[in-house]
Structure formats: structure tokens, C-alpha cells
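A closer look at the structure
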Amino acid sequence: MGRQECVVSSAAFPTTEAGLVAAVARAVRLGQKVKVISRWAHSVPRLVCPDGRDGLVISTSRYKNRIVVNKTRKTVEADAGVDLRELVDTVAKHGLALPYMPYWGGVSIAGVISTGAHGSSLFQRGGAVHEYVVGLRLVIPATEAEGYAHVVVLDESRPEEFNAAKVGLGVLGAISTVSSMFFE
């Protein structure tokens with residue numbers, strides 16, 4: 001499976017959730033296959049490249065403006081493209097930390113979640129990053145009447161959908177935001 005070029009008809013670089021919804025909606029309207037990547041995409045091309053030259057790649061490299069720390073609840077909500085290293089540094093300023101950390105900190109939070117990345121930890125739930133996710137906002141395809149795409153909010157109240165979306169490799173939709181637990 002060596003290195004291969006990934007040729008697509010277009011790429012989108014949303015900076016907001018509305019931009020992500022618009023990119024997905026356009027692809028659905030045009031019947032394009034979509035793959036979402038982050039700034040440091042490094043997966044096997046067969047997995048990250050939509051079939052054929054008519055596909056769309058959505059990069060979250062510019063969708064990384066929001067990191068909201070809730071110190072009381074010990075959670076953080078971050079845009080999909082926020083680098084894990086930036087997230088860790090931000091929550092550390094609030095006296096919080098992750099009990100886990102993949103070796104490479106340059107991956108986006110949505111990339112970490114959707115690929116099942118993990119570190120080493122016997123603390124609490126374990127070493128996989130997705131085990132500490134408490135909520136996701138996911139952009140999914142929709143009907144023409146719904147504007148071709150919309151956002152669903154997933155959390156532990158919908159366990160089957162939530163667990164599937166956490167490590168979904170992007171096949172269930174494009175992760176918009178991730179809410180995760182942190183520890184003092």
C-alpha cells in the first residue's frame with residue numbers, strides 16, 4: 001500500500017461550524033464523496049482519499065478558533081481542528097490535565113478521536129482519548145428540505161450513536177466539536 005497521490009476535484013477549508021456545514025451540504029448536493037482531514041493528515045491514502053477525481057477533501061486546519069474550558073465541570077469543548085498540543089497547553093493554564101496522551105501531539109482533536117488514537121494510562125477509563133469524550137457535534141448529510149446537511153449533538157444519552165461516532169473514521173459525518181473530560 002505505499003504512498004499514493006490523492007487527486008480530488010476540490011478542497012474546502014472551513015473556519016466555523018457553519019462553514020463545515022456548508023461544505024458538507026455542497027458535497028451532498030453535488031453527489032461528491034467526502035473525506036475530512038486535519039493539518040497534519042498522515043493516514044494511508046486509500047483511507048483518506050475519496051474515490052476518483054470527483055471527491056472533496058475538507059481540511060479542518062483553519063477550524064481551530066474555539067477552546068472553551070469549564071473548570072467546574074472539568075471539561076473542555078474544542079473545534080475539530082484544534083491541535084492536541086494546543087488543547088493540552090490551554091487546559092494546563094486552568095490547572096487541568098489529560099490522563100492520556102498519544103505520542104504525537106500535532107494531530108487535531110477530531111483526528112485523535114475519529115482514529116482511536118491512544119496513549120498509555122491505567123488511570124480512570126484507560127489510555128484511549130475517545131474514552132474521555134463526553135460530547136460531539138457531528139455534521140451529517142441531510143435531505144434537500146433540510147439544506148443537505150445539519151448538525152447532530154451526540155453524548156452519553158445516545159450511547160450507540162455516540163460510541164459509533166467517536167471512532168467512526170469519518171464515515172458517519174464530519175466532527176465539528178469535541179467535548180472531553182480533564183482532571184486536576
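Reading guide: rules and limits
- Residues numbered from 1 in each chain as written.
- Predicted model: local features only at pLDDT ≥ 70, side-chain atom pairs only at ≥ 80, totals over all residues.
- Heavy atoms only, no water.
- Pairing = 2+ DSSP bridges.
- Helix = DSSP H or I, 4+ residues; strand = E, 2+ residues; numbered from the N terminus.
- Axes fitted to C-alpha atoms, helices over the stretch in contact; angles between N-to-C directions.
- Contact = heavy atoms within 4.5 Å.
- Salt bridge = Lys/Arg side-chain N within 4 Å of Asp/Glu carboxyl O.
- Buried < 20%, exposed > 50% of the residue type's maximum accessible area, 1.4 Å probe, protein only.

1. Side note on the sheet that holds strand β3 (residues 56-59)
Remark on secondary structure: sheet strands pair via backbone hydrogen bonds, oriented parallel or antiparallel. Strands sit in the order β1-β3-β2 across an open sheet of three strands; the sheet is parallel. Two strands in the sheet have a free side with no partner beyond their single neighbour: β1 (10-12) and β2 (34-37). Averaged over all pairs of adjacent strands, the angle between strand axes in this sheet comes to 25°, irrespective of strand direction. Note that β1 and β3 share three bridges and pair parallel. Among the inter-strand pairings, Ser-10 is bridged to a residue of β3, identified as Leu-56. Across the sheet, helix α1 (residues 17-30) lies against β1, β2 and β3, angled at about 175° from β3, the strand it touches most.

2. Some details on the pattern of salt bridges
Under the defined criterion, the tally for this structure stands at four salt bridges. Among the salt bridges present, the one from Glu-17 reaches Arg-137, with a minimum N-O distance of 2.7 Å. Placement of the pair is Glu-17 in helix α1 and Arg-137 in strand β6 (residues 133-141), with a sequence separation of 120 residues. Between Arg-66 and Asp-79 there is a salt bridge; the shortest N-O distance is 3.5 Å. Residue Arg-66 is located in the loop between β3 and β4 (67-70), and its partner Asp-79 is located in strand β5 (residues 75-79); the two are separated by 13 residues in the primary sequence. A relative accessible area of 32% means that Arg-66 is categorised as partly exposed. The buried category is assigned to Asp-79, whose relative accessible area is 3%.

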